Amino acid sequence: MVRFLAYFFSVVFHPLLMVTYMLIILLVVNPYMFGVNGVQGGMLIIIKIFLYTFVIPAFAVFMMKSLDLIDSIEMKTKSERIGPYIITGILYMWAFRTILDNPDIPSAYKLFVLGATIGLFVAFFFNLFTKVSMHALGMGGLLGMIIITSLLYSYDTFVFQLGSLWIVEMSMNALMMIVIVLSGIVCTSRLLLKAHNLQDLYSGFIIGLAAQFLALRILY
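Criteria and cut-off values
Residues numbered from 1 in each chain as written. Predicted model: local features only at pLDDT ≥ 70, side-chain atom pairs only at ≥ 80, totals over all residues. Heavy atoms only, no water. Helix = DSSP H or I, 4+ residues; strand = E, 2+ residues; numbered from the N terminus. Rg over C-alpha atoms; globule rule 2.2 N^0.38 Å. Buried < 20%, exposed > 50% of the residue type's maximum accessible area, 1.4 Å probe, protein only. Contact = heavy atoms within 4.5 Å. Areas by Shrake-Rupley, 256 points an atom, 1.4 Å probe, with all protein chains shown as cover. Lys, Arg positive; Asp, Glu negative; His and termini not counted. Charge placed at Lys NZ, Arg CZ, Asp CG, Glu CD. Salt bridge = Lys/Arg side-chain N within 4 Å of Asp/Glu carboxyl O. Core = buried A, V, L, I, M, F, W, Y, C linked by side-chain atoms within 4.5 Å. Patch = residues over 30% accessible without salt bridge, like charges linked within 9 Å, V, L, I, M, F, W, Y side chains within 5 Å. Axes fitted to C-alpha atoms, helices over the stretch in contact; angles between N-to-C directions. Parallel < 35°, antiparallel > 145°, perpendicular 65-115°, else oblique. Left-handed = near helix turned anticlockwise from the far one by under 90°.

K.L.:
Honestly, the overall build of the chain in this entry has me stumped. Any pointers?
P.N.:
A tally of regular secondary structure across the chain gives eight helices and two strands. Going from N to C terminus, the chain has its helices and strands arranged as α-α-α-α-α-α-β-β-α-α. Rg of the C-alpha trace for the chain: 17 Å, near the compact-globule value of 17 Å for 220 residues, within the 12% margin. Expressed along its principal axes, the backbone C-alpha trace of the chain runs to roughly 45 × 40 × 35 Å. Buried positions account for 49% of the 220 residues belonging to the chain. Long-range contacts, defined here as pairs at least 24 residues apart, represent 71% of the contacts in the chain between residues at least 6 apart. Entry remark: accessible area of the chain is about 11,500 Å², with carbon and sulfur atoms responsible for 71%. Taking the average location of the 12 positive side-chain charges in the chain and that of its 9 negative ones, the two points are 6 Å from each other.

K.L.:
Can you walk me through the pattern of salt bridges in this structure?
P.N.:
One side chain can pair with another of opposite charge once the charged atoms of both are near each other. Tallied over the entire structure, the rule returns one salt bridge. For the salt bridge of arginine 97 with aspartate 101, the shortest nitrogen-to-oxygen distance reads 2.7 Å. Note on arginine 97: relative accessible area 47%, which makes it partly exposed.

K.L.:
Would you mind showing me how to read the nonpolar core here?
P.N.:
Nonpolar side chains tend toward joint burial in soluble globular proteins. Of all hydrophobic cores here, the largest spans 53 residues; its most connected members are Phe34, Tyr109 and Phe112. Those elements that place two or more of their residues in this core are helix H2 (18-29), helix H3 (43-66), helix H4 (82-100), helix H5 (107-126), helix H6 (134-153), helix H7 (172-192) and helix H8 (198-219). For this core, the leading source of residues is H5, giving 10 residues.

K.L.:
Would you mind going over the environment of proline 57 with me for this structure?
P.N.:
Relative to the helices and strands, proline 57 resides in helix H3. Expressed as a C-alpha distance, the spacing of proline 57 and isoleucine 47, which sit 10 residues apart in the sequence, is 14 Å. Excluding residues within four positions of it along the chain, proline 57 makes contact with Leu16, Leu51, Tyr52, Thr88 and Leu91.

K.L.:
Would you take a moment to explain a nonpolar patch on the surface for this structure?
P.N.:
Residues Phe59, Phe62, Met63, Leu67 and Leu69 make up a contiguous nonpolar surface patch of roughly 540 Å² in combined accessible area. By secondary structure assignment, the location of methionine 63 is in helix H3.

K.L.:
I tried to follow the environment of leucine 111 on my own but got confused; where do I start?
P.N.:
Tracing the chain through its elements places leucine 111 in helix H5. Taking the C-alpha atoms as reference points, leucine 111 and leucine 216, 105 residues apart in sequence, are found 6.2 Å from one another. The contacts of leucine 111, once residues within four sequence positions are left out, are Ile148, Leu152, Gln212, Ala215, Leu216, Leu219 and Tyr220.

K.L.:
I keep staring at the side chain of glutamate 80 and nothing clicks. Help me out?
P.N.:
In this structure, glutamate 80 sits in the loop between H3 and H4. Buried charge without a salt bridge: glutamate 80, with arginine 81 as the nearest opposite-charge side chain at an N-O distance of 7.2 Å. Among residues more than four places away in sequence, those in contact with glutamate 80 are Ile70, Asp71, Ser72 and Met75.

K.L.:
Help me understand unusual backbone geometry, please; the structure alone is not making it clear to me.
P.N.:
Peptide bonds are, in most cases, trans, and in most cases residues other than glycine have a negative phi. Not every positive phi belongs to a glycine, and lysine 194 is a case in point at roughly 60°. Residue class for lysine 194 comes out exposed when judged on its relative accessible area of 75%.

K.L.:
I tried to follow the packing of H2 against H6 on my own but got confused; where do I start?
P.N.:
A pair of packed helices is captured by two measures, namely the crossing angle of their axes and the spacing between those axes. Relative orientation of the contacting elements H2 and H6 amounts to 20°, with a least axis distance of 10 Å. When the interaxial angle is binned, H2 and H6 end up roughly parallel. Note that H2 runs across H6; the crossing there is right-handed. From H2, Met18, Met22, Ile25 and Leu26 reach across to H6, where they touch Gly138, Met139, Gly141, Leu142, Met145, Ile146 and Thr149.

Okay, here's the thing in structure tokens:
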């Protein structure tokens, strides 16, 4: 059961999903930044980002496994990660370049996509020496995004609707705590699956968090 839960959290919080999650969170916190009234109004951009940053990279990894270029889609060794890192890095740069000149995409989200791209390339460099945890990097980036959103826009609370009747009001501090707890769960899951050691997890989380603030420095 514990191993199943570890796999579950590893899949649900896969690093390739983080950029999509960042978009959804921003749409929930303030959809008017995107010129829409809610998450539903932003479905087109969600689909595009999901395609660019998850579907295509995941398909590329699957094809590499099918062609025996890598031994496993889990990419357990440093050498197996080189090709997927390069492909994903190119796709993330493409996604960032695509939204950079799009006036319908707020600068806040452009910042977070740039941060994710920077984090990916920094991890690629460190992969030459150690197997940085991309799951930890993704969660660090997500936490960085929440912190920066709170700092830039001074949101205290936001409201989102679950279903037709249930309306929930949440504070940004509560959201931050949820992400911190989830980060701990995801990193623990990677330890339980013996996919990484503590050094891999700490380095990944720090890279992901720092990359978002580096992107903030670049764009602001």
